[in-house]
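The primary structure of each chain is shown beneath.
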Amino acid sequence: MLELRRISKSYPGVDALRAVSLAVGAGEVLGLVGENGAGKSTLIRIVSGAERPDGGRVGLEGEAVAFASPADARARGIAVIHQELSLVPQLSVRENLFLGAGWSRRGIVRRRWEEREARRLLGLLEMDIDPDTRCSELSLGARQAVEIAKALALEPRLLILDEPTAALSPREARALLREVRELARRGAAAIYISHRLEEIEAVADRVAVLRDGELVRSIDRRGPAGGDDGLAPLDRGELIEAMVGRSLSAEFPPRLPGAVGDARLEVRGLSAGRRVRDVSFDIRRGEILGLAGLVGAGRTDVARMIFGAAAPDRGEVRLDGTRLELRSPRQAIRNGICLLPEDRRGHGLVLSRSARANFALPNLDRFRRPGGVVDRRRERRAFGRWREQLDIRLARAGQRVATLSGGNQQKVVIAKWLERGARVVLCDEPTRGIDVGARYEIYEWIRRMASEGKAVLLISSELEEVLGMSDRVLVMHEGRIRGEIADPARADPAGVLRIAAGIGLPEEPSVA
Amino acid sequence: MPEGVSESTAGRWRRRLLDLLGRNLSVVVLVLLCLISSAATWREQNPITSRSGAAVARQVLVACQAPCSVLVVARDTEADRVFVQAIEEGLDAAGARIAGRVFGQPRDVRLELERIAGTGGSFDAIATHRIASEWGPVRTAGKPVFAPGSYYWPTFLTARNLLNVVNQNADIAIIALGMTLVILTAGIDLSVGSLLALAGVIAAVTAQEWFGGAAASPAGLLAAMLLGVAAAALGGLLSGTMVTAFRVPPFVATLGLMMLARGLALILAVGHQRRLVGGGAEGTPEAVRVDAAVFAWLGNGAVLGVPNPILLMLVLFVAAHLLMTRTMFGRYVYAVGGNVEAARLSGVPVTAVLLAVYCLCGAFAGLAGIVDASRFEGGRPNAGELYELQVIAAVVVGGASLAGGRGRIAGTLIGAMIIAVIQNGLNIAGVASYEQKVVFGALILAAVLLDRLQPKIASRRARMTRASTSTPVQ
């Protein structure tokens, strides 16, 4: 189907790909893994016609091709689902699905047909979305699903999925994986890129590992040793080792010494419409409290309300016994609360500015001289200190933060709050889209912040992460806290998932 | 650049040069425009200055033995008087006698010659400049004529013309400062032209009616001017409030204020005229005159030969540059423009920043209005029409992005100068005003297009660099 022979590509200062050879056959799903910067995105850009290789050959069904543009690649049946969303927010789901050329009858929209087709496509993904909803009203997860449905509408011969589940709930993600397998069964080929190894295990016939622009390992799981699905189990440790080129003893760093103290943050009866209903909990000094749940369960809303970025209808929050006003993020920051937002690029960083300027933004009052002048020496020194401690990798001091990898971007966000010296740290999906090596470092910093006596709230859609990192976990379902897990290390992930999905829940909140 | 890759010296220099050009494209454009304007205005220069006057005096003294007697001829202009004074000082110092002096036209020369002849006097030489040396009576007087030599030089590139160019556009440049702040926050301010007029009219009317008109004290005039600026700042605050508190798009909010302020300026001016003629009579939207010398000083005076509007512009530019690069406020403006949500979640007081930005933009427009009123010795209710577009053009040509977050004060200064130079070049080259509009518009489009092409130039540069430094694949 698709064959790449000795593809090379270099950018100024980096060899993004070095003589990579890969093939995907019809009916096959290729899992592509590697740390950020390993060359996965470059490879995808070449296959999808967005970029041309410096050397090597791209073959499609035995014929050498050179795509002039992404549209050219699309016309030959290659569809890409990008990490970035490409929907028009003002248009409805249906309008977005059939936005591209070729769906109308001589320029006239076939409304009836579109409605039917939209329901069918969304049904494939088990998404319960009204096709006439405006995309701006959908959650991030639902929007991602629409994006996938849009690609499926083209019935592609080769489907490329680049971190497609980053914003999906586990249920949506499972449906997507099923659909990818189904496409393959019908004879399409797929390349599946993800940081989530359990997804790779669920979906890929073969796995290719990229590291520093080279293909370092290729694993074929089909053969005699196969399980129920005919696929051999995947050794994740081996995969991670191949990706990072070093062995990680555990996926999560150990708990640091430091006792859990008194209640630091007390949340009582927090409510906002139907999204958050009567949420109460405490976080103690030095404690990492996990907040598990599906996308849309209200976890982000809880964090945003504590941070003053959204107003609750009812409820109160106390910090070290003092009631907070929850009026604005500015006030929350003054009180020593900080937020690592879920949407790092949209909410956490000013992408057009440098890493240092982003770092300094909430800390300018600390670098202030009379007259509101910024003491740039002090600023530089403070940034230099954290840059070194967090190992933030920059090409130049003034490098724009947009050009940094996800891990380095998140470290910039962490650095700005570390300089601020917070009492409460709200982490919303802190490792989304971040490669394995940087992930571990971010876990270490979360541990360290807790050991300094900060109260940490850890929101994550990855069960392993939330169970592996937290001292205690609360599970939310449809705006309510429906379960508490006192000993996450020994908890049964399936049980947590059942609570999160609302399966077999009693009417009253339970304590597991 | 991968480590261990060596690059030829020539290649490195070429890369550096391209890098520099790419990063300072607007400077390159400005220099190019200046070169073009210079080439197009390469003319014979006949300087009429004190320096050339002294040179003529020396010529005369070399040619004729003291005590010699000289007739000095010049036109009746300011520059000619300076020129003549220099000649006479030079001659006096050497003990030469001035037989007579003429300020005027050829006819005046003939009359003076007749007067000298009538009194029985005589003289040995005529000292004058290139223009008057061509006059009939001077050539036929039968005496040696001394005039400074002429030379070729671009008219564009004379100190007088350059000062003039900048001076005439100082108001645009001052407003462009405030506009840069607004555009950095991804906003736009269409009201600046009207606020300029309103500030000028308020300053003039209050100077006349509250502070004593022609008899106003400097303090009173200053107060009137400050009132004008304050009114414009208040206007900016109003659009800022609309934008922040009521989420009105900046385009619409400032469009409303644009009409409102213009109307107010006209009403105030007409009302003043009516009171002036004793009520009842028709008021006209004419300028409100202020006949106080101090009032005109800001717009027409000069310090050390540099016109005041230029000095004011430079001071404000330096202040704005420091504000945007060195202070918390500057950082906040860039953050709000780059990503308002990230700024808010980082504790930036977004509403206060936006209010301050619109208020400052209004104040800058008000200052420009005061300069304008002072220059014309009165507040003109029709001043500044379509300025908003020129100002926006200057900011955009200077490299700021209308999407916000990107742009520099220095860029705006260069943008304003680019627009000034284009205008001046077209004027000197004698292009008629309708054609000027066409050329002007096309040049603005070209400048912005160049800016848009910059990423492509950069990527081509990168490709070139790679080609010249390609390393074998290991």
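Residues numbered from 1 in each chain as written. Chains lettered and ligands numbered in written order. Predicted model: local features only at pLDDT ≥ 70, side-chain atom pairs only at ≥ 80, totals over all residues. Heavy atoms only, no water.

Per the secondary structure count, chain B includes 18 helices and 10 strands. A globule of 474 residues ought to have a C-alpha radius of gyration of about 23 Å, yet chain B, at 29 Å, is considerably larger. By its C-alpha atoms, chain B is 95 × 85 × 40 Å across when sized along the principal axes. Scored against the burial criterion, the 474 residues of chain B give a buried share of 49%. In chain B, the share of contacts with a sequence separation of at least 24, taken over all contacts with a separation of at least 6, comes to 75%. (Helix = DSSP H or I, 4+ residues; strand = E, 2+ residues; numbered from the N terminus. Rg over C-alpha atoms; globule rule 2.2 N^0.38 Å. Buried < 20%, exposed > 50% of the residue type's maximum accessible area, 1.4 Å probe, protein only. Contact = heavy atoms within 4.5 Å.)

Looking now at the pairing of strand β19 (residues 424-428) of chain A. Residues and elements named next belong to chain A. Burial within β19 is extensive, with five of its five residues counted as buried. Both faces of β19 are covered, namely the face carrying V424, L426 and D428 and the face carrying V425 and C427. Alignment of strand β16 (residues 337-340) against β19, held across four bridges, turns out to be parallel. Each bridged residue has a counterpart across the sheet, and for I337 the counterpart in β19 is V424. (Pairing = 2+ DSSP bridges.)

Taken together, the contact between chain B and chain A spans 25 residues of the former and 35 residues of the latter. With a closest N to O distance of 2.7 Å, A:E379 and B:R331 form a salt bridge. Counting across the interface, chain B meets chain A through nine residue pairs in polar contact (both at pLDDT 80 or more). Counting only elements with at least two residues in the side of chain B that touches chain A, the list comes to α12 (308-326), α13 (328-338), α14 (340-345) and α18 (433-469) of chain B. Sort the elements by how many residues they give to the side of chain B that touches chain A and α13(B) lands first, with six residues. Along the lines of polarity and charge, the residues of the side of chain B that touches chain A split into 12 nonpolar, eight polar and five charged. (Salt bridge = Lys/Arg side-chain N within 4 Å of Asp/Glu carboxyl O. Polar contact = N/O pair within 3.5 Å; in protein donor to acceptor, adjacent residues only side chain to side chain. Nonpolar A, V, L, I, M, F, W, Y, C, P; charged D, E, K, R; others polar.)

If you check the domain split of chain B, you get domain 1 (50-149) and domain 2 (160-458). Placing the centre of domain 1 of chain B and that of domain 2 of chain B at their C-alpha centroids yields a distance of 48 Å. (Domains from an automatic or database assignment.)

The subject of this paragraph is the sheet that holds strand β5 (residues 145-146) of chain B. What links the strands of a sheet is backbone hydrogen bonding, and the strands pair in either a parallel or an antiparallel sense. Residues and elements named next belong to chain B. Here we have four strands laid out as an open sheet, ordered β3-β2-β4-β5, and parallel in their pairing. The outermost strands of the open sheet, each flanked by one partner alone, are β3 (97-103) and β5. The pairing of strand β2 (residues 69-74) with β3 spans six bridges and is parallel. Residue A74 lies in a different strand from β3, and its bridge partner there is F103. Against the sheet, helix α5 (residues 106-118) contacts β2 and β3, and its axis sits at roughly 150° relative to β3. (Axes fitted to C-alpha atoms, helices over the stretch in contact; angles between N-to-C directions.)

In this section: empty space enclosed by the protein. All names here are of chain A. Within this structure, the stated rule accounts for eight cavities of 30 Å³ or more. Taken as a whole, the largest cavity spans an internal volume of roughly 260 Å³. Around the largest cavity, the lining comprises 17 residues; the ones closest to its centre are H195, E251, R439, E462 and E464. The residues that make up the lining of the largest cavity include at least three from each of domain 1 (2-244) and domain 2 (248-336 + 422-512). (1 Å grid on protein atoms, 1.4 Å probe; cavity = no way out; pocket = protein on both sides within 12 Å on 5 of 7 lines; lining within 4 Å. Points joined across faces, edges and corners; volume = space filled by probe spheres on them.)

A word on the pairing of strand β4 (residues 55-60) of chain A. Residue and element names in this part refer to chain A. Bridge analysis of β4 against strand β5 (residues 63-65) gives three bridges, and the strand direction is antiparallel. Residue pairing in the sheet places G59 in a bridge with A64 of β5. In textbook terms, the turn of a hairpin is the stretch between consecutive antiparallel strands, and for β4 and β5 this stretch comprises two residues, one of which, E61, has a positive phi near 50°.

To continue, consider the domain arrangement of chain A. Domains assigned within chain A are domain 1 (2-244), domain 2 (248-336 + 422-512) and domain 3 (354-420). Placing the centre of domain 1 of chain A and that of domain 3 of chain A at their C-alpha centroids yields a distance of 35 Å.

Below, the discussion takes up helix α9 (residues 299-306) of chain A. When you tally the buried positions in α9(A), you get seven out of eight residues, the bulk of the element. Looking only at α9(A), the buried set comprises A:R299, A:D301, A:V302, A:A303, A:R304, A:M305 and A:I306.

Residue and element names in this part refer to chain B. Running from N to C, α12 and α13 point in directions that differ by 70°, and their axes come no closer than 5 Å. Taken together, the axis directions place α12 and α13 in an arrangement best described as roughly perpendicular. Residue-level contacts link L323, M324, T325 and R326 of α12 to M328, F329, G330, R331, V333 and Y334 of α13. Here the residues of the contact of α12 with α13 sort into six nonpolar, two polar and two charged. (Parallel < 35°, antiparallel > 145°, perpendicular 65-115°, else oblique.)

All names here are of chain A. Strand order in the open sheet formed by six strands is β16-β19-β20-β13-β21-β22, and the pairing between neighbours is mixed. Each having just a single partner strand, β16 and β22 (480-485) make up the two edges of the open sheet. Taken over all neighbouring pairs, the strand axes of this sheet differ in orientation by 20° on average, direction set aside.

Residue and element names in this part refer to chain A. In total, this model carries six aromatic pairs over all chains according to the counting rule given. Between F307 and W417, the aromatic rings sit 6.3 Å apart at their centres with planes inclined by 80°, giving edge-to-face as the arrangement. Of this pair, F307 sits in the loop between α9 and β14 (314-319) while W417 sits in helix α14 (residues 406-420); the two residues are 110 residues apart in sequence, bridging distant segments of the chain. Here a set of aromatic residues connected by ring pairs shows up, and it is made of F359, F367 and F383. (Phe/Tyr/Trp six-rings, centres within 6.5 Å; stacked < 30°, edge-to-face > 60°.)

Here the focus is the nonpolar core. Counting residues in each nonpolar core, the largest one holds 177 residues, and the members touching the most others are A:F281, A:I306, A:F307, A:I337 and A:I446. When residues no more than four places from it in sequence are discounted, the contact partners of A:I337 are A:I306, A:F307, A:L319, A:L324, A:A332, A:V424 and A:L426. (Core = buried A, V, L, I, M, F, W, Y, C linked by side-chain atoms within 4.5 Å.)

A separate point is unusual backbone geometry. All names here are of chain A. Unusually for a residue other than glycine, E155 sits at a positive phi of about 45°. With respect to the element layout, E155 can be found in the loop between α5 (140-153) and β7 (158-162). Here E155 falls in the exposed class, since its relative accessible area comes to 56%. Unusually for a residue other than glycine, E478 sits at a positive phi of about 45°. Residue placement: E478 occurs in the loop between β21 (472-477) and β22.

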